[in-house]
Amino acid sequence: MTAVTDAPGARDAERARDAAVPGPDDGEGFSIVTAGLTKRFRSGQVAVDSLDLAVPTGSVFGFLGPNGSGKTTTIRMLLGLVTPTAGSWRLLGTPMPGGMNGVLPRVGALVEGPAFYPYLSGEANLRRYDAADPSADPRTVAARIGLALERVGLASAAGKRYRAYSLGMRQRLAIAAALLGPRELLVLDEPTNGLDPQGTREVRALVREIAAEGTTVFVSSHLLAEVEQVCSHAAIMRAGRLIVQGTITELLGGEAMRIRVRTPDTVRAAAVLAALGLTEVRSDDEEVGAVLGTAAPERVCAALVADGVAVRGLVVQRPSLEDVFVGLTGEGFDVDG
Ligand SMILES: Nc1ncnc2c1ncn2[C@@H]1O[C@H](COP(=O)(O)OP(=O)(O)OP(=O)(O)O)[C@@H](O)[C@H]1O
């Protein structure tokens, strides 16, 4: 895991000290590598500040951050849609922007949802979309569209008008548009934005399937919980700066499991937890919580019961990426809109 030392409120300087420098210079084994990538807009706003990102090939990489933390600007720089102020980057091992024309056909991207025509079918929309891509071969268009629709699970709805598609189907069609050729890397900017829970599930399942077929997926999101469910790796941004990146297991590894006990005997329960060596023991009217550490929950439960504590409920809480964010920044992960 790589953490950035000067994150405000960082309590985990040690983690940062053992940080490995991401990615070899030649980008081998990494689908995306950036070094010092920076974007300062004319307004003076630094949207992305010295970003060093390393996205391993074969990963499902969650690019996380609250709204306005620089995710879209980063993605736009990666794809050559915005010119960086400083820094360098490689896509699929090739230095950019010089290698853009050769590499972009191997990269599928969903940045701003493509504008689809409501009265055309999904298939007809993809035909129009493909016709606008100078690198696409018109002779193979029918087969490529068929394959892409199949891949996103829309083959049976191919002839249906776009306006009749559900939100999840619309987003899956947008992903199909990004998959009109064989892609080694798929870049998705907030693919579940605005979707209902069903649509979100559909897109999540699709991302899993695409990754299982061997495509590296780089997906931005402000929904930490969602990313935990599909990603193998993640990077967390805050105010244009990278706070931490690594595998999900590494990121969560530094966070402790917590235990919560619901009981009317909070004073007695707190004493038992403290006697067992649990730390950060805190109680309110009907609940006691503590850091579980290495203690086995069943032993904690047995000790509580043996001491006469009436246990009405006991929960072991897995750490979350939100805990990581709060731990490293001292701030809540604020999601507004
Ligand atoms: N063209 C622009 N000109 C000036 N400032 C911009 C421009 N585009 C983005 N910004 C600013 O840069 C910062 C980062 O924006 P960006 O859209 O990259 O963040 P984000 O993490 O993708 O957020 P969101 O999820 O809301 O899209 C924001 O403060 C935004 O207002």
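None of the values given here were measured: they were computed from a predicted structure. (Residues numbered from 1 in each chain as written. Predicted model: local features only at pLDDT ≥ 70, side-chain atom pairs only at ≥ 80, totals over all residues.)

Participant: Hey, could you run me through the overall build of the protein chain in this one?
Facilitator: A count of helical and extended segments in the protein chain gives 12 helices and 16 strands. By the burial criterion, 38% of the 337 residues in the protein chain qualify as buried. Considering only residue pairs separated by 6 or more positions, the protein chain has 70% of its internal contacts joining residues 24 or more positions apart. (Helix = DSSP H or I, 4+ residues; strand = E, 2+ residues; numbered from the N terminus. Buried ≥ 20, exposed ≤ 12 C-beta atoms within 10 Å, placed from the backbone. Contact = placed C-beta atoms within 7 Å.)

Participant: I keep staring at the site of the ligand and nothing clicks. Help me out?
Facilitator: In the neighbourhood of the ligand, 13 residues make up the surrounding shell, with Phe41, Ala47, Asn67, Thr72 and Thr73 lying closest. No other element matches the three residues that helix α2 (residues 71-78) contributes to the shell around the ligand. Among the residues forming the shell around the ligand, the class breakdown is two nonpolar, 10 polar and one charged. (Near = placed C-beta within 6 Å. Nonpolar A, V, L, I, M, F, W, Y, C, P; charged D, E, K, R; others polar.)

Participant: Help me understand the domain arrangement of the protein chain in this model?
Facilitator: The parts lose accessible area when they come together, and the size of an interface is often stated as this lost area. By domain assignment, the protein chain separates into domain 1 (2-253) and domain 2 (258-318). A C-alpha centroid distance of 42 Å is found between domain 1 and domain 2. (Domains from an automatic or database assignment.)

Participant: Before we go on, may I ask you to explain helix α12 (residues 321-329) in this structure?
Facilitator: Because the α-helix completes a turn every 3.6 residues, residues three or four places apart line up on one side. For α12, the full list of buried residues reads Leu321, Val324, Phe325 and Leu328. Taken end-on, α12 shows its buried residues confined to a sector of 100°, consistent with a single buried face. Just beyond α12, the residue with positive phi is Gly330, at close to 75°. (Arc of directions from axis to C-beta.)

Participant: It is not clear to me how the pairing of strand β15 (residues 287-291) should be interpreted in this structure. Could you clarify?
Facilitator: In the case of a regular strand, side chains alternate between the two sheet surfaces. Across the two faces of β15 the burial differs, with Val288 and Ala290 buried and Glu287, Gly289 and Val291 not buried at all. Two strands pair when backbone bridges link them, and strand β13 (residues 258-262) and β15 are joined in this way by five bridges, in the antiparallel orientation. In the strand pairing of β15, Val261 is matched with Val288. In this sheet, β15 lies alongside strand β14 (residues 279-283) in antiparallel orientation, the contact comprising three bridges. For Arg282, the partnering residue across the bridge sits in β15 and is Gly289. (Pairing = 2+ DSSP bridges.)

Participant: Explain unusual backbone geometry to me, please; I cannot follow it from the model alone.
Facilitator: Keep in mind that most residues, glycine aside, have a negative phi and that most peptide bonds are trans. Look at the link from Met96 to Pro97: it is a cis peptide, with omega at 0°. With phi around 50°, Ser50 is a residue other than glycine that occupies positive phi space. Relative to the helices and strands, Ser50 resides in strand β3 (residues 46-51). Residue classification places Ser50 among the partly exposed positions, given that 16 C-beta atoms sit within 10 Å. Even without a glycine there, the phi angle at Ala239 is positive, about 50°. Its location among the elements puts Ala239 in the loop between β11 (233-238) and β12 (241-247).

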